[in-house]
Each structure stands twice: as C-alpha cells, then as structure tokens.
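Reading the structure
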Amino acid sequence: VAGTDYWIEIFQQGTRLGAGFLLNQHHALTAFHCVRSAEPGQYLELSLATGEQIPGRVCEHARGADLALIDLLKPRESTLVTPSADIADRGDKWSAPYRPSTGDPYLSGDVLEGKITYRCEAGLHIEALQLGCSERLGDYSGYSGGPVERLVTGREPSLLGILVEQFPDRQAPGRASDVLFAATIAEALRRFNCLGVGHLVNVLYADEQTPWKCRPAGEAQLSDTASPGSRVPVESRITAADSIVETIREWARSGVLDPAQVSELTLRVALRLVDSNWADDA
Amino acid sequence: MSELLRETINAAERVIAGVDSRVGDYLGRLLSSPGELRSGEDFERVYLAALLDFIGLHDEAVDVLRDAPDAMSRNMEGMLAAAHGQHEQARNILVEALDASTDSPLVRKQMLVNLAAVSLRAGSVGEAEAWIGAAAAIEQAENPAVDVLIATVRASIASRRGDLQALRSAAASLEEASKSRLAELGTEHPQALAIVANMASAEIMLARADNSAVRLERAIDVLEVAAFRLAAEFGVDHPQAKAAMASLAAARAEPASVDAAVLLTEQVTAEERTPSAPDEQRLAGPLGVRIVLTGPPGAGKGTQAHFIASHLAIPRISIGDIFRYNVTHNTGLGTKAKEHMDRGDLVPHAVTVAMVRDRLAEDDAQAGFLLDGFPRNVPQAETLKKMLAEFETRLTVVLELVVDEDEVVRRLSDRRTCRRCERVWHMLYDPPARPGICDDCGGELFQRDDDKEDVIRHRLEVYNSQTAPLIAFYADEGILVGIDATGSVEEVTSRALSALAPYVR
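Residues numbered from 1 in each chain as written. Chains lettered and ligands numbered in written order. Predicted model: local features only at pLDDT ≥ 70, side-chain atom pairs only at ≥ 80, totals over all residues. Heavy atoms only, no water.

Structural notes on the environment of B:Tyr503
Following the sequence through the fold, B:Tyr503 ends up in the segment after helix H24 (489–500). Taking C-alpha positions, B:Tyr503 is 7.1 Å from B:Val397, a pair spaced 106 residues apart along the chain. (Helix = DSSP H or I, 4+ residues; strand = E, 2+ residues; numbered from the N terminus.)

This is the structure:
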C-alpha cells in the first residue's frame, strides 16, 4: 500500500542538508537549494523513514526550478511505495508527510490553485501549486524538498508536488505568510534528462550489458529536455492545460486508438486481479 | 466554417484549461442546429467530440458525431465507444463505417487498424489479424501513428499466439514506428510518454520471451517512469495513465522468468495460417467463455479441467461423463452407444455428436463451459462449430496442454491402481506410504494395461495422427492457446489461467 513514509533526509558527511522523497527504486527528488553544496556526482547519505541508510549521489541539478534529482546507489531493502502522481484541483485537501523534527507540526491545508505559473528565485517560471497552510508558521524552512500529498478519506494518497524554496516577501508583497508554493509533480519530473523521453528510449534499447544509468551533469547532455545542467530557463514550455488540449487534438487527428490501451499486458491485469481474489478465497 | 462550431470548440478548450467550468450555451445551440454542425469541417467535428469526451460529456460527444455521414466522424464514434470499453459496439460502428464513403486511404486505414485493436480487446485474435492485414495492405497512406498501432496489435497477436518470430518482427516495427512518431511529436509532448510506455510494454513481452532478466527489469523501470509521469501530466484517472499503470502492475505481477507457454506454442503457430474472412466471424456471445481443452493422454486434462472449470465457475463437460450418464441412464443414445462399445467397436460419430449436443443445450452450459475430450479430430471440430453456430455462439478459446512424449510415458507408466478401491497412485508424484499397498484401503496396487509403456506409446501415436490436424485447425481459427503442462498441478493451473485471462470477461 502506498504510504506517506517515502520521504528521505539527505546528509553530506554527516551534515543534514534537507528533505526529499523517493520516486522509485533508482531516484529521489529534492529541492535544489537543499543540496546546492553538492555538485552533480558527489556522494550523499540518504536516511529513509524506516531508519535505513543508503548511499546516494546528486544526479542532476535543475537549479532554476529549485529542483534536484538524486541517484540511489544501492537498492533499498524497505518496500516503501511512492503514491501515484496526480494533478491537483483548487479546493483539494493537501498535507505534507515530512516534518523537519518531531517538535515540528505536519503541514496541511487547502489547495488554493492547482496550476499557476510561479517565478522561482533563480528566475525560471515553473508550474506550481499554491497552497494555503493551516499551520501558520511564518517560517517554513526545513520543510522544502518534502512531498505534497492529497488526502481523501478512503482513497490512497496521491503525490501532487514538492515544496520548493519560499520567498514570501518577493512573491507578492501583500500575501499572507501562510501561503506556500510547491512545484507540481509533473513539472518536477519534466526537468530532468534522466526521466525524459529521449533517455527512456535510449535505456530501453541499450545493449544488455548497459544497466539503467543516469548521467551526472557534466557528462554529455541529451538535448531533449530542459537542459538541467546548463541552467537555462525554459520559458516556452507549454502549460499542462495546453498540452492536454494538444494531446486531444493529436488523438483526434491521428484517428487511431491509444496503443497503450491495446497491448497484451494491459489485458492481463484483469486476470491478475481475479487471480488474487482466488488466492484470497483459498 | 461555422462560427458556432468554432465557439463551442473554444469553450470546450477553456473548460480544459480551467478558465471556464461549463461549455455553456454554445453546445446546446450547436446540437439543436444540425446545419451548423454539418457546415463544419470533418476534422472540427471530430476534434470537438474528443474535447467533449475528455471533459466527461460522453453522450454529447456522440451527439456531435451522430448523423455525420463522413468516415472520419464514424471512426471517432468507434474510438469513443472503444475508449469506454464498449468493444462490441465499437466494432459494429467501425464495420459499418467501412461502407461510409471516403476518398482518403488514410482514414480507411485508421478504421481498419482500430477494428483490429477493438477485436483484439474483445478477444478475437483471428479477426484482429485479418483486419490488421487489410490495414497494412493500404500502402499509400504512410502515417507513424497508424504504424505504431499496427505494430502494437501485431505484437499483441504474436504474444497471444506465442509466435516468437512474429513478436520479434512486430517489436522491431514498433520501435521504428514509435521513433518516427516521437520525431513527429517531439519528446517534450506529453503524448510522447504514452508512446514510450507502449514501447516498454512491447519490450517487456520480448524480454520475457528471450528470458533476459536484465532487459525485463530495465523495461519495467522505463515503464514505471513513463506511467508515473503520465499520471503526473494527465491525472491518475486519465485513460492513458491508467493503461500504463495497468501494464506496469501486470508486468510486476508476472514472474520474472520467461513464460514457457510463449515458447511452447511456437511449434503450432509457426505453420502458415490464413485467417478466415472477418465478415464470417462473430464475436463471442455476451455471456461466458466456451473452452475446449485438448492435449495428449497423460497431460493432466482431467485434473486441469476440474480446476479451470471451478475457477471460472463454468461447468466442466467431459465426454467420458456424457457417455457414462447416457449409458447408465439408458437413454436412447446411451443404449446405441453401448451396443457398439459392447462389441468393442468405436461409437459412431453421429451418436457422440448427438450426446454432446444434448449436453450443450442444457441450461448450465449457456453461461459457458469447458469441454474435455471432445472434439478429437477435425470432422468433430467442424461439427462442433456448426452446432455452436446453431446456438448462435462459438468457441472462445482452445487450450492445448503441451507436454513432452517421454514425460507422458513417465507420468502414466508410474501409475498404479488399487485393485480394491481403484484409487490411482503415482510412484513419483503421489506415492503410497508402503510400496505396492494402497494407503486408503490396504489393497494391492497393480499396473493397468493402459498404463504400460508400449500401450501408452501406441495411444500417443493415435493421438498424434488424429489430434495434430485438430490443433492446426484451431490454430487456423485463431483461437488456439498452448501452455506447458509439465510441472506441478498448481503450476499448470496457474499457467492455464494466465493464458485464458484475455478471453475471460
């Protein structure tokens, strides 16, 4: 079951840098400013919610968007499951499962905007969540890098975004200090070569000896995504709504069903579900 | 073009962008003025329908397309039905749409390839193959999106059939077509993620077939990232995200080793097949699943028939049971059969068929059945086909238990039967506590003549000469699925259920 304990704490030579969370078996996500002291390729110690310690390495920086991707260098033993990603709507209830210490409260509140354009300190515009926070702390340092979830009773939590650095004074001079910003999870994932379509295709058809491998920045960059190493703001990125409209237009234009919904594997799921029911019955 | 149509499209786009919450009056006015609708371009209507469907106005989407005579609209109507899981309806719409006039070979090709995809999802592999062949035959309409779907359908057909060579070739085409499609879309396009998810799914099938754990793991990792990103972009409930996550769940649920069934059925499917014309084929009836179980003596048909039928909650109809019932109840047919059996003759074809017909006409068989021990040869299979056609249905799938001849001999020649209680023991798999003595009743165990090696070899010869053409017959029909029947009863049952899954609705 997807849980809320997939967050991590990041250390470098014993010094706590900040929070982040596991994306899958290979990667974790954090805010750039948390790990700014570590160049891509440098080693980190990651502490999981279960207490397990695993080595990691900065894989890619997306400084302009205040995001960084971390490679996990050893398969973890604990079976922590990251919730499915989802898009947020205005009015959703959110919560942040990570807190800097046991003395700090867990943050939560209402989603004020599910999709706004937010200008990061480094100058890059990103797609962000605007979050009203019930715990009026004023100072939210220590929380950034942590995941933002949607909590709905009776449903598994969904991952909506990642808390980035807050600039209360600059963003909107009059805004209340209990408003936080988080990069949407879609935006965060778009920022890294390693998770980009070009890299995925290369991995898929690499020869059998080549393992899944991220390229720490500094090595040759693939040209297909938002050039995280070069830190050039990409202002022209289509917004999510535009991209959905574009997708629908493509679907209508291409006139064919979605291949992913046709493939053999999809059809087998029904069986698996049935199978597990039988197993339960037995 | 129609202003109203354009306004409605803009309004729907604004709803998706979150600027507006309703499509407002435009849609209502548009739907009540068919002239306005018709004055639009084909593509505009189709695009509006897709937008409306996305924002949950499925009925209105269909209304926009209704009565539009052009092939593109009919094609979209079929796509919408398919996207909502209404495969049979989608099929009917698309089959009718083939008659709609179009001077665009591309639109015609799109319809054929959609028909193939829908047939596949409805479980008709042979039909899917026929449509895809027709689609591929249209050469002048090159289009990467269509090519991706053609290759996907072919890969799925090959995987169902266990035809490794065809799978490899389809996967190579898929890779090529997908790369063209990606070049067309650009890798930043969110649709590109769906293409990658599909490529990864195909690679998962192939890695399993090649028994490459490294490639399998890597392809699952890629699928995971693609599925995660699709959910992040479109939301967890979007069909593309759901399809990718379902593929991922399935890939993870499968054991890491190659599915032996894929390789074992290769021998059958390597033969040249000519799929029958789609027009002659019908989709299976709405109810149940009709299975024929076949395989050599000693393959464990009886045991598996029992488990599969009870798992699927359908009656197991064994030819032996039918005979016993008729003979012990002295039915007319039973009496006739007994005359021949007493003389040591084979029971005439007509008598057997009549018994089967009576049994299949019973109420419990209407929701599906598993037929064990019948048909044994091609003429019987043809008779069964006609019989089911009279009942306005047809077989869903034929499951072949594939087992090595020496394994059969080993299984059967080690069987010992108790003289007193007739319980069957197996010296290897199910031995009694004391050799030669029945645990249950203390009776003496002996080897039946049927279980002696030379007799078994002879029965296998008979089976091969009669049943091999039967296997080819069902392979032609496109409904044959073979599984490896070596291993424990549980393993074989699990393989059988996996193989049947796509046919069980």
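Anyway, onward from the coordinates.
Quick notes on helix H3 (residues 197–204) of chain A
In terms of residue burial, H3(A) counts as a mostly covered element, since 7 of its 8 residues are buried. Taken as a whole, H3(A) has its buried residues at A:Val197, A:Gly198, A:His199, A:Leu200, A:Val201, A:Val203 and A:Leu204. Tucked inside the fold, the buried residues of H3(A) contact helix H11 (164–185), helix H12 (190–209) and helix H13 (213–234) of chain B. (Buried < 20%, exposed > 50% of the residue type's maximum accessible area, 1.4 Å probe, protein only. Contact = heavy atoms within 4.5 Å.)

Description of the interface of chain A and chain B
Listed by partner, the interface residues are 66 residues for chain A and 87 residues for chain B. Roughly 7,000 Å² of surface becomes buried between chain A and chain B when both sides are summed, with 66% attributable to carbon and sulfur atoms. At the junction of chain A with chain B, the criterion picks out 3 salt bridges. In this structure, A:Arg249 engages B:Glu13 in a salt bridge whose closest nitrogen and oxygen atoms are separated by 3.0 Å. Across the contact surface, chain A and chain B share 13 residue pairs in polar contact (both at pLDDT 80 or more). (Buried area = accessible area lost by both parts, 1.4 Å probe. Salt bridge = Lys/Arg side-chain N within 4 Å of Asp/Glu carboxyl O. Polar contact = N/O pair within 3.5 Å; in protein donor to acceptor, adjacent residues only side chain to side chain.)

Let's talk about the packing of helix H4 (residues 42–54) of chain B against helix H5 (residues 58–65) of chain B
Residue and element names in this part refer to chain B. H5 packs onto H4 with a crossing angle of 170 degrees between their chain directions and a minimal axis gap of 7 Å. The pairing of H4 with H5 is recorded here as roughly antiparallel in orientation. From H4, Arg45, Val46, Leu48, Ala49, Leu52 and Asp53 reach across to H5, where they touch His58, Glu60, Ala61, Val64 and Leu65. Tallied by class, the residues present in the contact of H4 with H5 amount to 7 nonpolar, 1 polar and 3 charged. (Axes fitted to C-alpha atoms, helices over the stretch in contact; angles between N-to-C directions. Parallel < 35°, antiparallel > 145°, perpendicular 65-115°, else oblique. Nonpolar A, V, L, I, M, F, W, Y, C, P; charged D, E, K, R; others polar.)

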